[in-house]
Amino acid sequence: MKNFQKLSIAVVVLSAFFATTSAVRAAAITTTADPLLTGSTIIDFTEAPVGTTDPTIGNVSFTGETGPVRITTVIPGALDNHTTTSFGTNFDISFALPVSAFGMDFIAVNSDTIIQAFDVFDTLLGTTTLFSGGPSVSGFLGLGGFASSIASAKILTTDFLLISNFHYVTAASVPEAGTLALFGLGLAGLGLMRRRRTA
């Protein structure tokens, strides 16, 4: 019985170690050079024709809540490639495969814009706010670095938002620390059962 207690303590300590070492920084992403976007896939919205509403491109679906998200033409001098537009509607971004980080070039007009990230259980992982501060603001913004993978995101805006060059990094399928702990506990139990049978 003492061996089982020692083994249980070892498994708990190891699972705590893996939980703390597997966590990475969770943060707003403000540049395409951010290490969280290393190896990202980029959607430039040329993958679907202009006028397409609520597009699904590759691993990502863009869906308007109260109106469609629409692929529009290039805005010269503002955003390269095609853009997707939300005219005063919140919209959802869904990932067919979970991601570890995402970000986009944007122009926001007359409105603060909130970006939220959610896990597969629809639990809020984090949020960042783009403060308009005037008639329009542009730049790059995203989220990443959470302990859980991102399954979806929500963009909340009251005016309109143009986005382009959407970056995302598909999450590696690594077992969670709790899964590893349960697996270790199961192996320990099998070892004890075998030891008792041989004794």
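A few points on the structure. Quantities reported herein were computed from a predicted structural model and do not represent experimental measurements.

## Considering the overall build of the chain
Logical step 1: Per the secondary structure count, the chain includes two helices and twelve strands.
Logical step 2: Ordered by position from the N terminus, the helices and strands of the chain form the series α-β-β-β-β-β-β-β-β-β-β-β-β-α.
Logical step 3: The long-range fraction of contacts in the chain, counting pairs at least 24 apart against all pairs at least 6 apart in sequence, stands at 73%.
Logical step 4: Working note: accessible area of the chain is about 10,800 Å², and carbon and sulfur atoms make up 61% of it.

## Digging into the nonpolar core
Logical step 1: One finds Phe62, Ile93, Phe95, Phe102, Ile163 and Phe166 to be the most contacted residues of the largest nonpolar core, which totals 29 residues.
Logical step 2: For this core, the elements supplying multiple residues, two or more each, are strand S4 (60-64), strand S7 (91-109), strand S8 (113-118), strand S10 (136-144), strand S11 (150-156) and strand S12 (160-170).
Logical step 3: For this core, the element with the highest residue contribution is S7, accounting for eight residues.
Logical step 4: Counting residues in each nonpolar core, the second largest holds six residues, with Ile29, Leu36, Ala101 and Phe140 among its members.

## Some points on unusual backbone geometry
Logical step 1: In this structure, Phe45 is a non-glycine residue whose phi angle is positive, near 65°.
Logical step 2: Even without a glycine there, the phi angle at Asp54 is positive, about 45°.
Logical step 3: Mapped onto the elements of the fold, Asp54 is located in the loop between strand S2 (41-43) and strand S3 (56-57).
Logical step 4: Judged by its relative accessible area of 31%, Asp54 falls in the partly exposed class.

## Structural notes on a nonpolar patch on the surface
Logical step 1: Judged by side-chain polarity, Leu187, Leu190 and Met193 come together as a nonpolar surface patch covering roughly 310 Å² of accessible area.
Logical step 2: Looking at the secondary structure, you find Leu187 in helix H2 (residues 177-198).

## Here's the deal with the pattern of salt bridges
Logical step 1: Counted under the stated rule, the structure contains two salt bridges.
Logical step 2: The salt bridge partner of Glu65 is Lys154, with a shortest N-O separation of 2.4 Å. With Glu65 in the loop between S4 and strand S5 (70-72) and Lys154 in strand S11, the pair connects residues that are 89 residues apart, well separated along the chain.
Logical step 3: The salt bridge partner of Lys154 is Asp92, with a shortest N-O separation of 2.8 Å. With Lys154 in strand S11 and Asp92 in strand S7, this pair connects stretches of sequence that are 62 residues apart.
Logical step 4: The exposure class assigned to Asp92 is partly exposed, which follows from its relative accessible area of 23%.

## A short note on the environment of Leu124
Logical step 1: With respect to the helices and strands, Leu124 occurs in strand S9 (residues 124-130).
Logical step 2: Overall, the relative accessible area of 44% leaves Leu124 in the partly exposed class.

## Notes on the packing of aromatic side chains
Logical step 1: The final tally for this structure, using the stated rule, is six aromatic pairs.
Logical step 2: Ring centres of Phe62 and Phe166 lie 5.2 Å apart, and the angle between their planes is 85°; this geometry places the pair in the edge-to-face category. Highlighted residues: Phe62 in strand S4 and Phe166 in strand S12, separated in sequence by 104 residues. The exposure classification of Phe62 matches that of Phe166, with both residues buried.
Logical step 3: Ring geometry for Phe102 against Phe166: centres 6.0 Å apart, planes inclined by 20°, an arrangement best described as stacked.

## Description of the pairing of S9
Logical step 1: Pairing between S8 and S9: six bridges, direction antiparallel. Residue pairing in the sheet places Phe118 in a bridge with Leu124 of S9.
Logical step 2: Between S8 and S9, which pair antiparallel and follow one another directly, the connecting turn spans five residues, one of which, Asp122, has a positive phi of 65°.

Thresholds applied
Residues numbered from 1 in each chain as written. Predicted model: local features only at pLDDT ≥ 70, side-chain atom pairs only at ≥ 80, totals over all residues. Heavy atoms only, no water. Helix = DSSP H or I, 4+ residues; strand = E, 2+ residues; numbered from the N terminus. Contact = heavy atoms within 4.5 Å. Areas by Shrake-Rupley, 256 points an atom, 1.4 Å probe, with all protein chains shown as cover. Core = buried A, V, L, I, M, F, W, Y, C linked by side-chain atoms within 4.5 Å. Buried < 20%, exposed > 50% of the residue type's maximum accessible area, 1.4 Å probe, protein only. Patch = residues over 30% accessible without salt bridge, like charges linked within 9 Å, V, L, I, M, F, W, Y side chains within 5 Å. Salt bridge = Lys/Arg side-chain N within 4 Å of Asp/Glu carboxyl O. Phe/Tyr/Trp six-rings, centres within 6.5 Å; stacked < 30°, edge-to-face > 60°. Pairing = 2+ DSSP bridges.

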